[in-house]
Amino acid sequence: SFMATNDLMTELQKDSIKLDDDSERKVVRMILKLLEDKNGEVQNLAVKCLGPLVSKVKEYQVETIVDTLCTNMLSDKEQLRDISSIGLKTVIGELPPASSGSALAASVCKKITGRLTSAIAKQEDVSVQLEALDIMADMLCRQGGLLVNFHPSILSCLLPQLTSPRLAVRKRTIMALGHLVMSCGNLVFIDLIEHLLAELGRNDNMSTTRTYIQCTAAISRQAGHRIGEYLEKIIPLVVKFCNVDDDELREYCIQAFESFVRRCPKEVYPHVPTVISICLRYLTYDPNYNFDDEDEDDNAMDAEQNDEDYQGSDDEYSDDDDMSWKVRRAAAKCLDAVVSTRHEMLPEFYRSVSPALVCRFKEREENVKADVFHAYLSLLKQTRPAQSWLADPDAMEQGDTPLTMLQSQVPMIVKALHKQLKEKSVKTRQCCFNMLTELVNVLPGALTAHIPVLIPGIIFSLNDKSSSSNLKIDALSCLHVIMVTHPAHAFHAHVPSLVPPVVACVGDPFYKITSEALLVTQQLVKIICNLGDRLPAELPGTLLIFLERLKNEITRLTTVKALTLIAGSPLKIDLRPVLPDAVPILASFLRKNQRALKLCTLAALDILLRNYSSAVTPVMVDAVLAELPPLISESDMHVSQMALSFLSTLAVTHPSSLGQLSGGNILQQLIALVRSPLLQGGALAAMLDFYQALVATETSGLGYMDLLRMLTGPVYSQSAALPHKQAYCSIAKCVAALTRACPDEGPAVDVKNSRSTDSIRLLALLSLGEVGHHVDLSSQPELKTVILDAFSSSSEEVKSAASYALGSIAVGNLPEYLPFVLQEISSSKRQYLLLHSLKEIISSASVSGLKPYVESVWTLLLKHCECQEEGTRNVVAECLGKLTLIDPETLLPRLKGYLLSGSSYARSSVVTAVKFTISDQPQPIDPLLKNCIGDFLKTLEDPDLNVRRVALVTFNSAAHNKPSLIRELLDSVLPQLYNETKVRKELIREVEMGPFKHTVDDGLDLRKAAFECMYTLLDSCLDRLDIFVFLNHVEDGLKDHYDIKMLTFLMLARLSSLCPSAVLQRLDRLVEPLRATCTTKVKANSVKQEFEKQDELKRSAMRAVVALLTIPEAEKSPLMSEFQSQISSNQELAAIFDSIQRDSSSANMESMDTS
C-alpha cells in the first residue's frame, strides 16, 4: 500500500488530473482509511496526499475530509490523534488565502472552528486540548478574517483556558489570542482587554497574574496599534507588579514594557522615564551574588542567608533555582528597545543609561551579558552622526551633544572592555569587538589614547587556539577599522607585536580569515610606509621593480598610483633613471579602454612634468601628445579635464613643444569641446587655464588673434546658429580668458555692425560681459547705447545676453555703470531685462563696492515689488534677498516691516526675498534670521493663496538648507503646514474649453508645496515630528492628485525605513489607497499621456509597497497579504513588483559595497 499511495501522491500533484464524482469519493474514502493504517510511513504519505487533494476535489468532499479529521482528533488513540491534527493543519495550509474570497475556505474554517471550540472547552484530555489550540492558532493566523462571526465564540472558549492548571495550555491559548487580535473586530478586542484588566485588578493568585501579564504583552506584540489607547490603565498595573517579589512575574512585566515601547511608541511616550528607571533598577538585580566594589575578587560568592523568600531554610543555596538572571536579561532587552526607538532622548540616555550598561559588562551570565552589549550597540548606532539633526550647529553650542558625552565616557568603556577581552567565552569577546568597531565608526579617533591597552586584548584572540574562525574574523575586522580611523603614530610602538599574529592569519587555510588579515596588512604597510626617506640605497632596485609592475596588466593601475605619490613626495626622490622607459609605457596606457587607468596616468604624467621637467625629453612629450586627441571629447569630461590640465602644465614646462599643435588634431578637438553643451565646472575651468597658458607661450600661429579666430570663426562664417546656447557662453568665457591674458590687445568685438547675425550679436554681448567682469570697459564710449539697442532685438536670447552683459560690465566699474542701470530702470519700459542686469550686479559684485549704493537700489526695488508680472516680482525678490545679505542688521527688519503691506504682491515678494537669504553654509545673517523667520512664516495664515504658497517654498528652503532656523518653530508652523495639505472644494472650478468641461484646481500648487515641505522635514527634523499626525496627512495625500500621490509614495518609502513601528500601526489605512492606485484602469479611449501617467503611478506605488514589505511584520497584516496575493495573480502588477524588488535588492548590495 505504501507504493500505491506514493503513486497516487504523484498523480494528484499533476495539474492535468481530473476526477469524476465517483472516483473522487473513492479516493477520499481510501485516503481517510489509510490515515488509520498500522504502518506509520503509510499514514505520513496519506497525510501528504491531503494537500493536493483539497485543491482538486469538490467542496462537499473537502467537508467530508474535515469532518473525519475532526472526529479522529478526539479519538483516544494517540497516534491517530497526532496524524489527524497534522492532516487538519495540512488542509488549512492548502486553502486559498482569505483574500481570494473563496467560499471553500470560509466553509471549511467554519466547520473546523465549531468542532475545535468544543474540543478546547471540554478540558477532558490535555493533549487533545493542546492540539486543538495549536490548530486554532494556525487557522486564526492564516484565515482569521473569514471567521469574524465566530470571533466572539472563539474568545469565550479561549479565555477560561488562561486559568488552566496546565501551563502548556495557557501558553498555547496566549498564542491563539495573539493571532485572534490581528483580525478580530473592535467589540471582541474590547471584551478581551477588559477581561484582562479586570483579572489583573483582582490579582487572585500569582500564577494567573503572570499569565495575564504574558497575554497582555503578546497582544501588544501582535496588535500594538490597537492596545495603545488602554496603556493608561495597563501600565500602572504592570508597574505595581514589578514591585512584587516574584522573579518570573518581574520578567514578564519587563517583557510587557518592551513590547509597549516597540509597538505603541506614541502612547507609551509619557511612561518612558518610568520604564527606564525600572529597567535600570533590575539591570543590576542579582540578590544572590556579591560583587566586591573594586570588582577585583570576581568570585566572591555570598549566598545571602537572610533572604527568606528564596530558600526559607538554611540549606545550601543552589544556583539552579536562581531566576534573577532572567529579570536582568529582560531589563537589558527592554533598554535596548527604548534606546532604539526614542531618538529624541539620546542626551538623557548618555546621562543615565550608558554608565549603567557599561557597569554591567561584567555580568556573570553569558546570555545576559550578550544582551547588555547589544543594548549598548543600539545606543551607539543611534548616535551615528549620519542623522543630520545630531550635527545641528545650535546643539553644538550647548556643549552636551550625544557625541561629546560619549567621548567623555570612552575611558570608562575601555576599562570595562579591557577585562572582557581576556574572558574565556568566545561570545563575550565577539561582543567586545563589535562594540569597539561601532564605537570607532561613531567617533573616529576616540581610542587614540587607549591603543596600548586594547592591542594586547586583540592579539590574545588572534593567538588563542580555542578561538573560533568567526571570532578571528571579528578581531581582524575590528583591528582594521581601528587602524583606518586612527592616526598612524598611535600604532608605531605596536608594529612588532602585531605583525606575527597578523601574518599567521594571512596563512590561515580559511579564506575569510585570510582576506580580513590582508586588509589589516594593508593598513600595517601604510603605518610603516612613512619611512621613504630611509631608502636611498635601495632605490635603484626598487624602481626597476616598479617598471616590471607597470608592464603587468594586473598591477599596472596600482603602480601608476604609487608612482604619482612618489613623484609628488616632498622627499624629491630621484626618478630620472626610469623615466626614459616609464614615460612611453605611460603614454601607451592612454590608449587603453580602462577609464581609471587613463585618469591615473594623466595625473602621473602631470606631476612628472611638474617635478622632473628637465628629465622629460621632447621625444617623451611627443609620445604623449600623439595619444591625446581622442581623450579630448565630450564623451568623458573628466578625462578631458585631466588632459587639458596636462597640456597647461606642458605650456609652462615645455613651451616649445606646443608649436606642433597649430593645425594639429588637438586644437580641433578643443574647439569641438568648447561647443559642447556639456562643458562646465572643472572641465571648463581647465579649458580657460589652458587657453591662458597657451597664449602666454607666444608660439607662432597660436597668438591672441589666431586663437580668437579659431574660437569665433564658426559663429561668423555659419549662416546657421550653433545648436546650443551653452556653446556661446563657453566661447565667450574663452574669449574673455584670452583677453585677460593679453591686456594690450583691444577686445575685438563686433556688436554694432548692422550685418551681424543674431548669433554674432549673442556671442559679442556674452564676450563683452565676460571681459567686462574683470576688465574696466568704461573707456568704450558707445557701450551703453549698443547694449540698450540690443534690448530691443527680436531675439529673446540676444536680449537676455544683453542684460547679462550690462550687469557683468557694471561689476567691472560700479561707479560708472550702477547709477546708469538704476536710472534706466526708473525711466525705461524694459524693466525685466534691466532688473536681471541688477541681479547680476548684486550677485557678483564685492560687498564693499556695493555698500554705498544699497539705499538707492533698495528704494528702487521696492517700487517694483508690487508688479503684476510674477517673473519680474521673482527677480525683485532675489535682488532684495541678496541685498539684505550685505547689511542684514538694517535691511532684515525693513523687510519684516513690509509684511504689513496691503498688497499681496508685495507680501509675496518679501517672503520670497527671505528664501534668498538662506544658504546651506554658515552666514553672518543666521542669528538675525533665526530671531525673525517666525514672523515671515506667519504669512502661512495669509488670506492670499499665492502668499501662502511662497511662504511654504521659503519654509522648505530653510528646512532643507538650514534646519536649525525652523526647528524651534515647528510647534506653531506644523498645524498650518498640515492645514494646507487638505483639498479645498471652493478652489476647484470648471472651465469650458470648446465642447469639453475641464476642472482646474487652484489649490494644487499650494498642496504640492506643503507636501514637499513634509518630505523635507523627514530628513532634517524627524525627531520633532509627531509621526502619527504626520501619517494622517500622508494618508490623505495618497488619495490626492497625481503629483501629490507621487510625493506621498516617496514619503512612505522613507518612513518605512525611518520609523517602521509607526508605519506598521497604520499599515491597513496606508495599503488601501496604494491598492486603489495599482488597480485603477485608464479609460480605453484616453490619450497616451494618461496611460503613461498611470503607469508611472503604479510603479511608484509598487516602490512604496516593496519598501513597506521591508518592515518585518508587514506581511502579517490581513490587508497587506491580500494585496500581495492580488499582485501575484495579476501578470502586469507581478512583473512591476518583481522588477522593483530586483532593483531594490541590487541597490542594497551596492550601498553595502560602498559603506
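Residues numbered from 1 in each chain as written. Predicted model: local features only at pLDDT ≥ 70, side-chain atom pairs only at ≥ 80, totals over all residues. Heavy atoms only, no water.

Details of the overall build of the protein chain
Let me state the cut-off plainly: Labels follow the DSSP assignment, with helices taken as runs of H or I lasting at least four residues and strands as runs of E lasting at least two, numbered in each case from the N terminus. Think of it in three bands: residues with accessible area under 20% of the maximum for their type are buried, residues over 50% are exposed, and the middle band is partly exposed, with areas taken using a 1.4 Å probe on protein chains only. For this analysis, residues touch if any pair of their heavy atoms sits within 4.5 Å. With residues, only the protein chains shown are counted as cover, and all accessible areas are computed by Shrake-Rupley using a 1.4 Å probe.
When its secondary structure is counted, the protein chain shows 57 helices and 2 strands. Considering the protein chain as a whole, with its 1155 residues, one finds that 51% of them fall into the buried category. Here the contacts in the protein chain between residues at least 6 apart in sequence split such that 73% fall between residues at least 24 apart. Summed over all atoms, the accessible surface of the protein chain reaches about 52400 Å², with 53% contributed by carbon and sulfur.

Side note on the packing of aromatic side chains
Within a pair of aromatic rings, the relevant descriptors are the distance that separates the centres and the angle that separates the planes. To keep it simple, the criterion reads: Centre distance within 6.5 Å is the pairing criterion for rings of Phe, Tyr and Trp, where only the six-membered ring of Trp is used; planes under 30 degrees apart are then read as stacked, over 60 as edge-to-face, and the remainder as tilted.
For the structure on display, the rule yields 7 aromatic pairs. Where Tyr978 meets Phe1030, the ring centres are 6.4 Å apart and the plane angle is 80 degrees; that geometry is what we call edge-to-face. Of this pair, Tyr978 sits in helix H49 (residues 970-979) while Phe1030 sits in helix H51 (residues 1027-1037), and the two are 52 residues apart along the sequence. The same class applies to Tyr978 and to Phe1030, which are both buried.

Some thoughts on the pairing of strand E2 (residues 996-1001)
Defined as follows: We treat two strands as partners when DSSP finds at least two bridges between them.
The element E2 is largely exposed, with a buried count of 0 among its 6 residues. Relative to E2, strand E1 (residues 988-993) runs antiparallel, the two sharing 6 bridges. The residue of E2 that forms the bridge with Met993 is Phe996. Hairpin remark: E1 followed by E2, antiparallel, with 2 residues in the connecting loop; positive phi at Gly994, about 60 degrees.

Examining the layout of surface pockets
One way to see where empty space is left: roll a probe the size of a water molecule over the atoms. The criterion, for reference: The definitions used throughout rest on a 1 Å grid laid over the protein atoms alone, on which a cavity is an enclosed set of points accommodating a 1.4 Å probe that cannot get out and a pocket is an open set flanked by protein within 12 Å on both sides along at least five of seven lines; lining residues are those having an atom within 4 Å of a point. Grid points are joined across faces, edges and corners, and a volume is the space filled by probe spheres set on the points. Three residue categories are used. Nonpolar comprises Ala, Val, Leu, Ile, Met, Phe, Trp, Tyr, Cys and Pro, charged comprises Asp, Glu, Lys and Arg, and polar comprises the others, including Gly.
By volume, the largest pocket is sized at about 1200 Å³. In terms of lining residues, the largest pocket is bounded by 36 residues, among which Ser340, Thr341, His343, Leu1058 and Cys1059 are the most central. Elements that contribute at least two residues to the lining of the largest pocket include exactly helix H13 (247-263), helix H14 (265-268), helix H17 (324-341), helix H19 (366-383), helix H50 (1004-1020), H51, helix H52 (1042-1058) and helix H53 (1060-1065). Of the residues assigned to the lining of the largest pocket, the class counts are 15 nonpolar, 8 polar and 13 charged.

Regarding empty space enclosed by the protein
Tallying each qualifying case throughout the model produces 7 cavities of 30 Å³ or more. The calculated volume of the second largest cavity comes to roughly 60 Å³. Lining of the second largest cavity is provided by Val583, Leu605, Leu608, Leu609, Val616, Met620, Val621, Val624 and Phe646. Among the residues forming the lining of the second largest cavity, the class breakdown is 9 nonpolar, no polar and no charged.

Focus on the environment of Val811
Locating Val811 in the fold gives a position in helix H39 (residues 796-812). Taking the C-alpha atoms as reference points, Val811 and His773, 38 residues apart in sequence, are found 5.6 Å from one another.

Details of the state of the cysteines
Here is the rule: Two cysteine sulfurs form what is called a disulfide whenever their separation falls within 2.5 Å.
For the structure on display, the rule yields 0 disulfides. With no disulfide of its own, Cys242 lies closest to Cys253 among cysteine sulfurs, the gap being 4.4 Å.

Focus on the environment of Glu94
Mapped onto the secondary structure, Glu94 falls in helix H5 (residues 78-94). On the accessibility criterion, Glu94 (39% relative accessible area) is partly exposed. Considered as a pair, Glu94 and Ser55 are 39 residues apart in the sequence and their alpha carbons are 7.3 Å apart. Filtering out sequence-adjacent residues up to four positions away, Glu94 remains in contact with Gly51 and Val54.

Side note on the pattern of salt bridges
For clarity, the cut-off: Whenever Lys or Arg places a side-chain nitrogen within 4 Å of a carboxyl oxygen from Asp or Glu, that contact is recorded as a salt bridge.
Under the criterion given, the structure shown has 38 salt bridges. The partner of Arg894 in a salt bridge is Glu855, and the shortest N-O contact between them spans 2.8 Å. Taken together, the residues span a long stretch of sequence, with Arg894 in helix H45 (residues 888-897) and Glu855 in helix H43 (residues 854-864) at a distance of 39 residues. Judged by its relative accessible area of 25%, Arg894 falls in the partly exposed class.

So, the side chain of Glu363
Note the following rule: The term polar contact refers here to a pair of N or O atoms within 3.5 Å; inside protein, the definition further demands a hydrogen-donor-capable atom paired with an acceptor-capable atom, and it admits residues adjacent in sequence only when both atoms are side-chain atoms.
Relative to the helices and strands, Glu363 resides in the loop between helix H18 (346-359) and H19. Side-chain polar atoms of Glu363 contact the side chain of Arg328, separated by 2.8 Å. Within the local environment of Glu363, its side chain forms a polar contact with the side chain of Arg360, the two groups lying 2.9 Å apart. Discounting residues that sit within four places of it in the chain, Glu363 has contacts with Arg328, Val368 and Lys369.

Regarding the packing of H39 against helix H40 (residues 814-827)
Definition in use: All axes here are fitted lines through C-alpha atoms, helices being fitted over the stretch that makes contact, and every angle between N-to-C directions spans 0 to 180 degrees.
Running from N to C, H39 and H40 cross one another at 140 degrees; their axes reach a closest spacing of 6 Å. Each of Leu806, Ile809, Ala810, Val811 and Gly812 in H39 lies in contact with H40, whose residues at this interface are Leu814, Tyr817, Phe820 and Val821. Here the residues of the contact of H39 with H40 are counted per class, giving 8 nonpolar, 1 polar and no charged.

Some points on the packing of helix H38 (residues 783-790) against H39
Formally: By the definition adopted for this analysis, an angle is roughly parallel if under 35 degrees, roughly antiparallel if over 145, roughly perpendicular if from 65 to 115, and oblique otherwise. Crossing handedness is read from the near helix: turned anticlockwise from the far helix by less than a right angle, it gives a left-handed crossing, and turned clockwise, a right-handed one.
At a closest axis distance of 8 Å, the pairing of H38 and H39 adopts a crossing angle of 150 degrees. Classified by the interaxial angle, the pair formed by H38 and H39 is roughly antiparallel. As for the relative orientation of H38 and H39, their crossing is left-handed in sense. Residue-level inspection shows Leu783, Ile787 and Ala790 of H38 in contact with H39, the latter providing Val798, Lys799, Ala802, Ala805, Leu806 and Ile809. Its residues placed into classes, the contact of H38 with H39 shows 8 nonpolar, no polar and 1 charged.

Section: H5
Heads up, the condition is: Between the first and last residue of a helix there are one fewer steps than residues, each counted as 1.5 Å, and that sum is the expected span.
The end-to-end C-alpha distance of H5, which contains 17 residues, comes to 25 Å, matching closely the 24 Å that a straight helix rising 1.5 Å per residue would cover. Among all positions in H5, only Leu80, Arg81, Ile83, Ser84, Ser85, Gly87, Leu88, Val91 and Ile92 are buried. Looking at the packing, one finds that the buried side of H5 touches helix H3 (40-56), helix H4 (59-73), helix H6 (103-122) and helix H7 (126-143).

Concerning the confidence of the model for the protein chain
Using the following cut-off: One number per residue, pLDDT, summarises how confident the predictor is, and it ranges from 0 to 100.
The predicted model of the protein chain averages 80 in pLDDT, with 89% of residues at 70 or higher. Across the protein chain, element-level confidence peaks in helix H15 (residues 272-283) with a mean pLDDT of 93 and bottoms out in helix H16 (residues 308-311) with 38. A low-confidence stretch, residues 293-318 (pLDDT under 50), is modelled with 28 contacts involving residues beyond four sequence positions or located in other chains. Taken as a whole, residues 386-397 scores under 50 in pLDDT and shows 24 contacts with residues more than four places along the chain or in a different chain.

Structural notes on helix H29 (residues 579-589)
For H29, the buried fraction is high: 8 of the 11 residues fall into the buried class. Of the residues making up H29, those classed as buried are Leu579, Ala582, Val583, Ile585, Leu586, Ala587, Ser588 and Phe589.

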